[in-house]
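# Observations on the model geometry
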Amino acid sequence: MRYRKPDNSQTDKRGFKTKREAELFLAEIAIGRSAGTFIDPALARATIATVGDAWLASRSGLKPSSLAVMESAWRLHVRPHWGSVQIGKVRRSDIEAWVVELRRPDRGRPLSPATIHRCHGILSAVLEAAVRDRKISNNPARGSGCRLVSAGNTITFPTRRFSGSPLNRDRGER
């Protein structure tokens, strides 16, 4: 089936089992084009390493000490595991399994909760950059938060800032 992308370039998609599947795909493309939400499937084939390296390079405005910590977590923990994965293939369950793997004692010395949180945050930021660049439609690392339960400790990665802090209460906010 041939169709046009928002930039008017022509492309095709094959492998539909039924005519109905092909028609539904074409309808989704048409709706996405008219609503401005079309995501080109070819862009989702970019690897996390490609997007992540560009994202890290864009962090040059940070203090050198902050950048060094981020670069270290990217180089040692995020890129080796996720670098060759296409951004369109990342699933929330894969991220949760990776977080659990980072905490396992059988991988040598388990990482601290702060390091795990930093690694998850970096992966989430890289995927968020892909969302902003319209390479993927949503960030699988964002949502209700990843949880890690290990040896009686629970680590929860919050996804929203808590607005009920004492500082906000002093200003009359709730």
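Heads up: the structure comes first, above all this text.
Bear in mind the structure is a predicted one, so any value in this text is a computation, not a measurement.

Each value, and the rule that gives it
Residues numbered from 1 in each chain as written. Predicted model: local features only at pLDDT ≥ 70, side-chain atom pairs only at ≥ 80, totals over all residues. Heavy atoms only, no water. Phe/Tyr/Trp six-rings, centres within 6.5 Å; stacked < 30°, edge-to-face > 60°. Helix = DSSP H or I, 4+ residues; strand = E, 2+ residues; numbered from the N terminus. Buried < 20%, exposed > 50% of the residue type's maximum accessible area, 1.4 Å probe, protein only. Arc of directions from axis to C-beta. Contact = heavy atoms within 4.5 Å. Axes fitted to C-alpha atoms, helices over the stretch in contact; angles between N-to-C directions. Parallel < 35°, antiparallel > 145°, perpendicular 65-115°, else oblique. Nonpolar A, V, L, I, M, F, W, Y, C, P; charged D, E, K, R; others polar.

### Thoughts on the packing of aromatic side chains
Applying the stated criterion across every chain yields a total of one aromatic pair. Ring geometry for Trp82 versus Trp98: centroids 5.8 Å apart, planes at 85°, classification edge-to-face. Taken together, the residues span a long stretch of sequence, with Trp82 in helix 3 (residues 64–82) and Trp98 in helix 4 (residues 92–103) at a distance of 16 residues. Accessibility classification places Trp82 together with Trp98 in one group, the buried group.

### Some points on the environment of Leu43
Looking at where Leu43 falls in the secondary structure, it is placed in the loop between helix 1 (19–35) and helix 2 (48–57). Taking the C-alpha atoms as reference points, Leu43 and Gln86, separated by 43 residues in sequence, lie 9.5 Å from one another.

### As for helix 2
Among the residues making up helix 2, those that are buried are Ile48, Ala49, Val51, Gly52, Trp55 and Leu56. End-on view of helix 2: buried residues confined to an arc of 165°, all on one side of the axis. Exposed side chains of helix 2 directed beyond 90 degrees from the buried face belong to Thr50, Ala54 and Ala57. The inward-facing, buried residues of helix 2 contact helix 3 and helix 5 (113–132).

### Observations regarding the packing of helix 2 against helix 5
Any two packed helices are characterised by the angle at which their axes cross and by the distance between the axes. In contact at an axis separation of 9 Å, helix 2 and helix 5 are set at 95° when each is read in the N-to-C sense. Taken together, the axes of helix 2 and helix 5 lie roughly perpendicular to each other. Contacts between helix 2 and helix 5 pair Ile48, Val51, Gly52 and Trp55 from the former with Ile122, Leu123, Ala125, Val126, Leu127, Ala129 and Ala130 from the latter. For the contact of helix 2 with helix 5, a count of residues per class yields 10 nonpolar, one polar and no charged.

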